[in-house]
Amino acid sequence: MVSTPTRSGPGRTRAGKADPAGRAGGVGRASLPSRIRSGISGFWSTLEGSGKSSGGSTYYLILGASLALTAIGIIMVLSASSVEAIAAGESPYSIATKQGMFAAIGIVAMLVLSRVNVLWLKRFAWPSIILAGALLVLVLVIGKRVLGNQNWIEIGGFTFQPSEFAKFALVLWMATVLSVKAKLLDKWTHALIPVVPVSGAIITLIVLGHDLGTSLVVMLIMAAGLFFGGVNLRLFAAAGGVAAAAALILAFTSGNRMCRITSWMGQSCAGASDIGFQSEQGLSALASGGWLGVGLGQSRQKYQWIPEAHNDFIFAVIGEELGLVGTIVVLVLFALLAVAIYRVVSHQEDLFARVLGGSIMAWMLGQAAINMAMVAGLLPVIGVPLPFISYGGSALVMSLCGVGVVLSLARAQMAPASRSKPRWRFAKTARKRT
């Protein structure tokens, strides 16, 4: 009797023994370290993107996340500001209407910048930084003081914050200067001069207006510009020491800042017992929101318990009204924006474009992280608004302009077939055929 040979199927070797990997040939399962390395490699490949994923999808991801955050901001500004507006005898929609108007201006500017070649912006680098410096000097002379900070210029009933324009101007100027000195950045003198002195002057003018929070964001922008410019990392250690020393000096020379720090550390501050009131009320709002929140528009803490509820502490109102789910949605949108902008920056071969996109990424996401950490009690209260969401026309318009520049970089990576062509080109082609 002739026996029929058995066919080795999946999970068995030719000898009939079980294969640990479930495959023919007895290939063993990959070790844990190799699987971890493979997972990390796959994560970075997904993050950086390739082919179409680094072009069209990235463009629309940045656009969608920015518009979604802006829409959430208008809704939450309406909810957080209506009570105080009614108490002041104004329309409950007055502040939200202004925010919506500035959002419309910012979106138009964003779409225009998304269609402009970023190399064309180089010609505005020096005029922009000079104008920013002049406006920061002007605000110290005729500026409007609000809650101890002198950062606004009032024109015809509207206030303009020059420090927000200074962020955008500094990003554009640094990218232009570092790209011109690309071959000399290996020397520390060319790497730091003139970027550090000019940035230091901008920071000094902002600090003279008593706005420590914005000055920290500008420091972050400067560090990001040097990092994406390829400056030697050893210089960052020295710069970090100088920045830490400067921060300590600024803290010790201001009684208000020291009280904020000691209050954050859980200690009382003589003569300023209410200095931690805002932080305590913000944490109370986050805690009372629970999983799903108390409902949109139903916040209790916004009834003059949280100072500046529609501005620096709007994230606390989101947590109270929309709960943990609402805060996670905001975090996810910022995370998507971070991933998408990183995709754009990581594919840039031109130094100007890389510094430009990287500095904008540090500006948006660094400021968002500082604000949310401040509201959650992880950092002292230093007065930094949440990008796209907090009330403020200057901040919203400049943030959307920054997004427009990144969209221009993302659009340049898109395949020619996936770009939307202007209508006049189609009309021109049709006339040629006829």
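Everything quoted here is computed from the prediction, not taken from an experiment.

Trainee: Outline the environment of L322, supporting the account with residue identities and numerical values.
Mentor: Mapped onto the elements of the fold, L322 is located in helix 12 (residues 314-346). With 23 residues separating them along the chain, L322 and S299 place their C-alpha atoms 9.4 Å apart. When sequence neighbours within four positions are dropped, the list of residues in contact with L322 reads M76, W291, L292, G293, L296 and V317.

Trainee: Now, about the packing of aromatic side chains: what can you tell me, with residues and values included?
Mentor: Within the structure shown, the criterion is met by 4 aromatic pairs. For the pair W120 and F124, a centre-to-centre distance of 5.2 Å together with 70 degrees between the ring planes defines the contact as edge-to-face. With a centroid separation of 5.5 Å and 90 degrees between ring planes, the pair formed by W126 and W173 is classed as edge-to-face. With W126 in helix 4 (residues 125-142) and W173 in helix 5 (residues 162-180), this pair connects stretches of sequence that are 47 residues apart. The aromatic ring of F352 is capped on one face by K122, whose charged end is 4.8 Å from the ring centroid.

Trainee: Account for the side chain of S128, with residues named and values stated.
Mentor: As for its placement among the helices and strands, S128 is situated in helix 4. For S128, a relative accessible area of 14% translates into the label buried. Excluding residues within four positions of it along the chain, S128 makes contact with F165, A169 and L172.

Trainee: Describe in detail the nonpolar core, supporting the description with residues and values.
Mentor: If you look at the biggest cluster of nonpolar residues, it comprises 101 residues, and the most contacted ones within it are I62, F334, L356, W363, F388 and I389. A total of 16 residues in this core trace back to one element, the largest contributor, which is helix 13 (residues 351-375). Once you skip the residues sitting within four places of it in the chain, F334 turns out to touch L69, L365, A368, M372, L386, P387, F388 and I389.

Trainee: Got a sec to walk through the packing of helix 4 against helix 5? Specific residues and values, please.
Mentor: It is the contact of helix 4 with helix 5, at a shortest axis distance of 8 Å, that shows an interaxial angle of 150 degrees. On the basis of the axis angle, helix 4 is roughly antiparallel to helix 5. The handedness of the crossing between helix 4 and helix 5 comes out as left-handed. For the pair formed by helix 4 and helix 5, the contact residues are A125, W126, S128, I129, L131, A132, L135, L136 and V139 on the first element and P162, S163, F165, A166, A169, L170, L172, W173, T176 and V177 on the second. Here the residues of the contact of helix 4 with helix 5 are counted per class, giving 16 nonpolar, 3 polar and no charged.

Trainee: Give a detailed account of the pattern of salt bridges, specifying residues and quantitative values.
Mentor: All told, the structure shown has 2 salt bridges when counted by the stated rule. Note that E164 is salt-bridged to K167, the shortest N-O span being 3.2 Å. Linking E164 with K167, this pair stays in helix 5, spanning 3 residues, or about one helical turn. Exposure remark for K167: the relative accessible area of 1% places this residue in the buried category. Linking E321 and K302 is a salt bridge whose minimum nitrogen-to-oxygen distance equals 3.4 Å. Here E321, found in helix 12, pairs with K302, found in the loop between helix 11 (277-289) and helix 12; they are 19 residues apart in sequence, far enough to count as distant. Comparing E321 with K302, the two get one shared label, buried.

Trainee: Hey, could you go over the sheet that holds strand 2 (residues 149-155) for me, with residue numbers and the actual values?
Mentor: Judged by pairing direction, the sheet is antiparallel, and its 3 strands sit side by side in the order 1-2-3 without closing on themselves. Two strands in the sheet have a free side with no partner beyond their single neighbour: strand 1 (144-146) and strand 3 (158-160). Shown here is a sheet whose adjacent strand axes are inclined to one another by a mean of 50 degrees, direction ignored. Judged from the 3 bridges that link them, strand 1 and strand 2 form a sheet pairing that is antiparallel. Looking at the pairing, K144 lines up with W152 of strand 2. Contacts from helix 4 reach strand 1, strand 2 and strand 3 within the one sheet, and its direction differs from that of strand 2 by about 95 degrees.

What counts and how
Residues numbered from 1 in each chain as written. Predicted model: local features only at pLDDT ≥ 70, side-chain atom pairs only at ≥ 80, totals over all residues. Heavy atoms only, no water. Helix = DSSP H or I, 4+ residues; strand = E, 2+ residues; numbered from the N terminus. Contact = heavy atoms within 4.5 Å. Phe/Tyr/Trp six-rings, centres within 6.5 Å; stacked < 30°, edge-to-face > 60°. Lys NZ or Arg CZ within 6 Å of the ring centre and 35° of its normal. Buried < 20%, exposed > 50% of the residue type's maximum accessible area, 1.4 Å probe, protein only. Core = buried A, V, L, I, M, F, W, Y, C linked by side-chain atoms within 4.5 Å. Axes fitted to C-alpha atoms, helices over the stretch in contact; angles between N-to-C directions. Parallel < 35°, antiparallel > 145°, perpendicular 65-115°, else oblique. Left-handed = near helix turned anticlockwise from the far one by under 90°. Nonpolar A, V, L, I, M, F, W, Y, C, P; charged D, E, K, R; others polar. Salt bridge = Lys/Arg side-chain N within 4 Å of Asp/Glu carboxyl O. Pairing = 2+ DSSP bridges.

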